[in-house]
Amino acid sequence: MNPNAIEDALAQGAHPGQTYLFANRPICCAFPLPALAGIEPKPGTRPSIRVDAARVVARSRKPRQWRHQWHDGRRISLALALQPDGLLLRFPRLCDFVISADASRIGIESLKPLDADTLEHLLVDQVLPRCLAQRDALMLHAGAVEVDGRTLLFVGDTGAGKSTLAALLHREGHALLSDDCVEIDIVGNDATARGTYPSLRLYEDSASRILPTFPPGRRAAHYSDKSRLALPRTVGSTVGSRISAVYFLEPRSGAGAGVALAPKARADTCIGLMKNCFRLDPPDPSRAKELMHRLSAVATRVRGYSLTYPHDFHMASEVVAMVLRQCRALEMKEHRL
């Protein structure tokens, strides 16, 4: 099936797949995405992005030159190349995502069949956020929880504890927007956040400690030890709520490490957000300039904090308590103003 097959099928009145909501946008996919909420689109509604069925190819594409590569500290985890008709996003040893120039269509190619959980994870947690960013959405790699009607964002490296902290706050009764990705908007004097979908991926030992009543999750991907927990579809909100603060997580090890919060300068907050934004084409100078301009506007509206804490699960309740105290102190201060 070629990249234009879905477009042709829709023009002929065929239904090539199920429609799902992602960041409150309709996504038409030719294979199941159980992590997302399926919807019945209204007549005439065109999906924001269409995803073709994955297909096995005899050989991988060989770009003349890679435009950008992402590293996970040990090796290349993701690579981008320009194609005559769009972009190629490659997950080495896994598969290629062939993306149209306007990021509205996605084809998937692999040298061997890919299991359904891994394919879904790559698409919803990596590719779709980047495609929306290419279409000028501001997509931040962050966990997000609503506390008293306002959103708290948690930003940090992989393994810093974004999902764990989001799960702990969710256990305390606060609505989980996402543990991995949110869309940010500027609305007047506020910055707002909307979860892409209510996601929660935890290691098995963390899940059993934090949410022991939850049914066992399914594996997030074949190469990951995390499980994807099935959250109620009512979790979180599709309407963006005001961001109260963004916390940059800095876990530490060693004797004497304690829990501490420290305000960050606006410039540092802006740079920290920049480092954690999803982007499909980072070398594009015009997009980079526009992104920095928008993040500067976010940093003037949202307080940034450095949150340091020991890498010790037994200290988790203290971390949660400090975040909630500080969040409510901010709210009281704003009311006095």
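## Digging into helix α6 (residues 285-301)
The first and last C-alpha atoms of α6 sit 25 Å apart over 17 residues, in line with the 24 Å expected at 1.5 Å per residue. Where α6 is buried, its residues touch β11 (138-141), β15 (181-187), β16 (190-195) and α5 (266-275).

## Considering the packing of aromatic side chains
The tally for this structure, following the rule as stated, stands at four aromatic pairs. Centroid distance F22 to Y197: 6.1 Å. Interplanar angle 35°. Geometry classified as tilted. Of the two residues, F22 sits in strand β1 (residues 18-22) while Y197 sits in the loop between β16 and β17 (201-203), which places them 175 residues apart along the sequence. For the pair F22 and Y197, one class covers both residues: buried. With 5.6 Å between their ring centres and 20° between their planes, F154 and Y247 make a pair best called stacked. Of this pair, F154 sits in strand β13 (residues 150-155) while Y247 sits in strand β20 (residues 241-252); the two residues are 93 residues apart in sequence, bridging distant segments of the chain. The residues F154 and Y247 share a single accessibility class, namely buried. A cation over a ring is seen here: R130 above W70, with NZ or CZ 5.1 Å from the ring centre.

## So, the confidence of the model for the chain
Across the chain, pLDDT averages 88, with 91% of residues at or above 70. In this model, residues 1-15 is a region of pLDDT below 50 whose contacts with residues beyond four sequence positions or in other chains number 16 contacts.

## A few points about the nonpolar core
Counting residues in hydrophobic clusters, the biggest one holds 39 residues, and the most contacted among them are F97, I106 and L123. For this core, the elements supplying multiple residues, two or more each, are β1, β2 (25-29), β4 (49-51), β7 (76-83), β8 (86-91), β9 (95-100), β10 (105-110) and α2 (116-134). Ranked by residues supplied to this core, first place goes to α2 with nine residues. Excluding anything up to four places from it in sequence, L123 contacts C29, F31, L33, V51, F97, I106, L128 and P129. A166, A167, A207 and Y309 belong to the second-largest nonpolar core, a separate cluster that totals 33 residues.

## Topic: the side chain of S244
Relative to the assigned elements, S244 resides in strand β20. The residues touching S244, leaving out its near neighbours within four places in the chain, are R150, T151, L152, V302, R303, C327 and L330.

## What about the sheet that holds strand β18 (residues 218-219)?
Read across the sheet, three strands follow the order β17-β19-β18 without closing on themselves; strand pairing throughout is antiparallel. Sheet topology places β17 and β18 at the edges, where each strand pairs with a single neighbour. Here β17 runs beside strand β19 (residues 226-228); their pairing, made up of three bridges, is antiparallel. If you follow R201 over to β19, its bridge partner there is R228. Across the sheet, α2 lies against β17, β18 and β19, angled at about 80° from β19, the strand it touches most.

Cut-offs and rules
Think of each chain on its own: its residues are numbered from 1, step by step along the sequence as written. Where local features are concerned, this predicted model is filtered to residues with pLDDT of at least 70; where side-chain atom pairs are given and counted, the filter is 80 or more; whole-chain, interface and lining totals use all residues. By convention in this description, side-chain values take in all heavy atoms of the structure and omit both hydrogens and water. Secondary structure elements are defined from DSSP: runs of H or I of at least 4 residues count as helices, runs of E of at least 2 residues count as strands, and each element is numbered from the N terminus. To estimate how far a helix should extend, the number of its residues minus one is multiplied by 1.5 Å. It only takes one pair of heavy atoms within 4.5 Å for two residues to be counted as in contact. Note on aromatic contacts: the rings of Phe and Tyr and the six-membered ring of Trp form a pair at centre separations within 6.5 Å, being stacked when their planes are under 30 degrees apart, edge-to-face when over 60 apart, and tilted otherwise. Summary of the burial criterion: residues with accessible area below 20% of their type's maximum are buried, those above 50% are exposed, and those between are partly exposed, where the area comes from a 1.4 Å probe applied to protein chains only. Two thresholds decide whether a charge sits over a ring: the Lys NZ or Arg CZ must be within 6 Å of the ring centre and within 35 degrees of the ring normal. pLDDT is a per-residue confidence score from the predictor, ranging from 0 to 100. We define the nonpolar core as a collection of buried residues of types Ala, Val, Leu, Ile, Met, Phe, Trp, Tyr and Cys that are connected through side-chain atoms lying within 4.5 Å of one another. Strand pairing is assigned whenever DSSP identifies at least 2 bridges connecting the two strands. To define axes, lines are fitted to C-alpha atoms, for helices over the stretch in contact only, and angles between the resulting N-to-C directions are given on a 0 to 180 degree scale.

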